[in-house]
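# Remarks on the overall topology
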Amino acid sequence: MGPTRAQFIQYAPAALAVVPLAAGPWSALAAAAAGAGAWAVGASAPVLRSLIACGLTTTGCGIAAGEVLAAGMNPLIALGLAVPAGAAALAHHRNLAGHIPAPELTPVTVTKGAGTGTGLTSQEQVIAAFWAEYISGPTQTEDRKLIQPGANLEQLVLQIDGSHVVFTGIITLPPGQQVRVREADIASVYHVPTSQIELGDPKHYAPNALPVTVQLTAPAEQPQIQTGVPTTPQELWAAYVAGPEGAMPGTTLTVTRYDGPLDWEGIATRDRRAIGTVNLQDLAGNLDLETIQIVLAPGDKPSQMGIRVMREHALMHGTMLSSVVDELAMDSRGYVRAGTYVDGRAALLPLAQPGSGARHLYLVGGSRSGKSGLLEQILLSAHLSNIAVILASPQAGTIAGASLAAYLGDGLDEAMGALRLAYAMLLDRESRYRSPAFPFTDPLILVVIDEAHMLLAESSPYHAEAKAIVEQLTRRSLKRGIGVVLATQTPLAADVGNSTVIRSQLLIGGGAVFLRCARGQGSLIGANAVEGAEGIDLSMIPSQWPGQYAKVADRDMSGLATEVAAAPEDGTFGLGYLLTPGSQAVQFRSLHLDVPPVSLAGGERPVGIEDCDAWRERDAIAQTPMVDKRGKNLIGSLADLLAAAEAAGSSQEPAVHHNPAGLHAVPGPARPGGAPAASDGQELIKPRILELLQEHSIPMTAETIARKLEIPATRVKPRLSELKKQNKVINESGLWRAA
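Residues numbered from 1 in each chain as written. Predicted model: local features only at pLDDT ≥ 70, side-chain atom pairs only at ≥ 80, totals over all residues. Heavy atoms only, no water.

### Structural notes on the overall build of the protein
Of the regular secondary structure elements, the protein holds 22 helices and 23 strands. Sorting the 739 residues of the protein into buried and exposed places 46% on the buried side. In the protein, the proportion of contacts linking residues at least 24 apart, taken out of those at least 6 apart, comes to 64%. Summed over all atoms, the accessible surface of the protein reaches about 35,900 Å², with 55% contributed by carbon and sulfur. (Helix = DSSP H or I, 4+ residues; strand = E, 2+ residues; numbered from the N terminus. Buried < 20%, exposed > 50% of the residue type's maximum accessible area, 1.4 Å probe, protein only. Contact = heavy atoms within 4.5 Å. Areas by Shrake-Rupley, 256 points an atom, 1.4 Å probe, with all protein chains shown as cover.)

### Concerning the packing of aromatic side chains
Any pair of aromatic rings gets described here by the distance separating the centres and the angle formed by the planes. In this structure the tally under the stated criterion is five aromatic pairs. Counting every residue linked through ring pairs, the aromatic cluster contains Phe130, Tyr134, Phe167 and Tyr190. One Lys or Arg, Arg333, reaches over the ring of Tyr335 and ends 5.0 Å from the middle of that ring. Against the face of Trp615 rests Arg618, its NZ or CZ located 4.2 Å from the ring centre. (Phe/Tyr/Trp six-rings, centres within 6.5 Å; stacked < 30°, edge-to-face > 60°. Lys NZ or Arg CZ within 6 Å of the ring centre and 35° of its normal.)

### Some thoughts on the sheet that holds strand β15 (residues 388-393)
Strand pairs in the sheet, formed through backbone hydrogen bonds, run parallel or antiparallel to each other. What the 10 strands build is an open sheet, ordered β11-β10-β21-β20-β19-β14-β18-β17-β15-β16; its pairing is mixed. Strand pairing shows two members of the sheet lacking a second neighbour, β11 (346-350) and β16 (407-410), which therefore form its edges. Direction aside, the axes of adjacent strands within the sheet are offset by 25° on average. Packed onto the sheet, helix α11 (residues 412-432) meets β15, β16, β17 (445-449) and β18 (482-488) and runs at close to 145° relative to β15. (Pairing = 2+ DSSP bridges. Axes fitted to C-alpha atoms, helices over the stretch in contact; angles between N-to-C directions.)

### Points about the sheet that holds strand β6 (residues 251-258)
With antiparallel pairing, four strands are arranged side by side in an open sheet as β6-β7-β9-β8. With partners counted over all chains shown, the strands left at the sheet margins are β6 and β8 (294-298), one partner each. Sheet twist, expressed as the mean angle between neighbouring strand axes with direction ignored, is 25°. Bridging between β6 and strand β7 (residues 264-270) involves seven bridges; their strand directions are antiparallel. Across the sheet, the residue bridging to Tyr258 is Trp264, located in β7. Running over the sheet, helix α8 (residues 233-241) touches β6, β7 and β9 (304-309) and is turned about 155° from β6.

### With respect to the nonpolar core
Grouped together as the largest cluster of nonpolar side chains are 88 residues, with contacts concentrated most on Met248, Met425, Ile449, Leu486 and Phe514. The dominant element in this core, judged by the number of residues it contributes, is α11, at 11 residues. When residues no more than four places from it in sequence are discounted, the contact partners of Leu486 are Leu361, Tyr362, Leu363, Ile449, Ala452, Leu456, Val470, Val496, Ile502 and Leu506. Counting 39 residues, the second-largest nonpolar core is a separate cluster that includes Val336, Ile387, Val448 and Leu591. (Core = buried A, V, L, I, M, F, W, Y, C linked by side-chain atoms within 4.5 Å.)

### Structural notes on the pattern of salt bridges
Applying the stated rule across the entire model yields 23 salt bridges. Among the ionic pairs, Arg616 bridges to Asp611, the shortest N-O distance being 2.9 Å. For Asp611, a relative accessible area of 60% corresponds to the exposed category. Each of Arg257, Asp259, Asp263, Glu265 and Arg308 takes part in one network of salt bridges that share partners. (Salt bridge = Lys/Arg side-chain N within 4 Å of Asp/Glu carboxyl O.)

Right, here's the structure in full:
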């Protein structure tokens with residue numbers, strides 16, 4: 001086999017530079033004409049011009065050298081004419097490097113790299129040039145942004161074995177920097193699937209030096225089929241899955257990628273009929289796999305379904321929160337980084353819709369599913385995006401990032417107060433901004449309701465009022481810049497007060513995150529069906545990865561470390577499904593909190609809410625019920641709400657008690673006659689307040705302090721003000737803590 005066109009164009013100048021000196025001018029002219037005419041056809045215009053110029057230059061040098069030799073002059077002069085010919089060949093080589101679009105690889109075995117000291121082959125030069133052009137630099141233009149400047153590819157080794165072409169290398173950066181080049185970036189440069197890119201695990205290598213392997217062509221073919229024994233995915237599918245008793249009857253499988261019996265992808269198709277709901281557990285049983293090893297991806301056509309089988313789950317190791325700090329703030333589209341999809345892409349969820357308003361989020365997850373960690377991450381993203389937060393946490397002390405909230409309702413009663421305040425802010429903004437498209441001069445507000453079933457379930461003492469308020473918030477708040485994040489432990493209708501309005505408005509107005517639930521409570525079919533998440537059973541998400549039981553059993557428990565950080569792969573925390581508007585639910589995993597999210601806030605104060613009537617009267621509003629005893633007639637205007645709050649405040653004036661310091665106050669010095677001094681009784685409240693705040697590291701509202709001490713709030717608030725003047729307590733956005 002002769003040389004290819006690309007190889008001739010590359011090596012012809014060197015031959016043209018030598019032939020004129022050895023064989024005379026006429027043969028040189030013939031070589032130049034043959035090279036330009038026979039091999040430059042189809043080449044780009046710059047390459048063609050460069051080759052012809054090189055040929056003319058070397059031919060001229062050859063004619064001059066022939067005349068020198070014929071005249072009997074010094075042969076060294078003829079040899080010196082090779083200098084311009086060599087310069088022309090070198091110039092052509094440099095011109096050629098930017099115009100060959102892809103390496104033309106020959107079917108021979110090559111193992112040669114920069115690390116060997118023998119130099120790069122022509123094919124390795126093209127690979128390195130593509131890397132420098134799109135990934136590392138050194139140059140960057142306005143219309144082309146480098147993926148990571150300075151991330152050089154070193155120790156390049158190219159291996160070609162028949163039709164299998166692969167190269168390896170090490171991505172290096174200066175000490176102190178971290179490699180941020182991802183598989184998807186490399187795949188886009190070399191036009192190969194991400195499955196053919198393998199990056200080293202950062203846990204096992206230095207952060208500034210990661211090995212990389214790129215398979216430029218598909219590696220292996222499917223194994224030979226043995227007669228009568230199902231071995232290939234297609235045969236297993238036809239034998240167990242597509243049959244009448246299988247998980248997807250009447251379907252056929254087309255394999256799109258095969259790297260072994262436990263690592264392949266394909267598309268299941270049913271002829272002219274919708275596939276419908278697929279039971280993942282049945283499918284895993286048909287293929288003799290764990291449910292965690294299979295991922296389904298519904299496509300645009302109801303008659304097709306994507307299938308992925310994994311030896312080791314792609315999300316086992318997780319994505320560290322500290323590694324994507326720059327992606328936590330809201331982008332120009334209103335999205336923030338929530339985690340990573342199973343295919344390696346960034347999983348984004350919306351917090352706002354620029355130019356339109358806020359967005360809702362429906363979050364479902366049982367105990368130990370990662371729900372609280374995702375809520376902390378959302379609080380941090382809101383803080384970094386300049387979004388104010390009203391946090392309602394009926395289960396006191398469960399959210400570590402509560403200090404990032406502008407208003408915290410910690411405890412059942414206080415959480416109900418936070419809902420009342422959120423509704424009051426809606427009424428206030430509606431009274432100030434009549435047009436739905438008002439300019440957002442005020443900050444966006446995120447109303448986060450954790451353990452919402454404690455307020456909305458029919459067994460809750462606040463069921464009727466909370467249900468009425470949340471229904472109005474989810475219906476009317478988006479255009480006013482107020483979004484609702486509602487978190488429950490199950491997707492059951494009872495957790496949202498049996499209100500179809502609440503769940504439908506949450507799903508229409510934003511996205512949803514579904515994490516692991518308790519067995520029997522995680523089905524998203526039937527009465528709990530969610531469009532875009534058909535057939536998912538959240539109770540089928542396992543609490544451990546396959547093989548974790550054996551790893552735990554093998555651990556040496558003789559010398560436990562006093563400080564042990566759990567590795568991300570030790571559990572499936574944060575593993576679930578992300579449903580965004582207009583798409584299907586896709587498996588993802590939230591970010592692993594290798595650092596506390598609140599520590600990334602920089603110690604800044606919470607984003608504040610605008611100064612308005614509702615915010616100024618927040619304490620009174622939080623104590624004012626907004627519905628009657630039957631749960632009807634929700635207050636509908638800001639004026640009526642403020643009037644009700646004022647009336648409720650006047651009716652709660654302290655009555656004359658025999659023990660004004662509260663039931664649990666320690667008796668003070670008695671007056672002459674045996675009656676305790678009222679002022680002394682008031683003073684005894686202060687030490688109890690200080691003791692409570694010093695014992696609990698979480699800041700509290702005045703109402704929370706009053707409830708814990710079993711003292712009326714009207715008596716606690718003045719004492720807090722006195723302690724503040726004495727610099728013994730600090731008040732930050734309505735939250736009190738010891739100085």
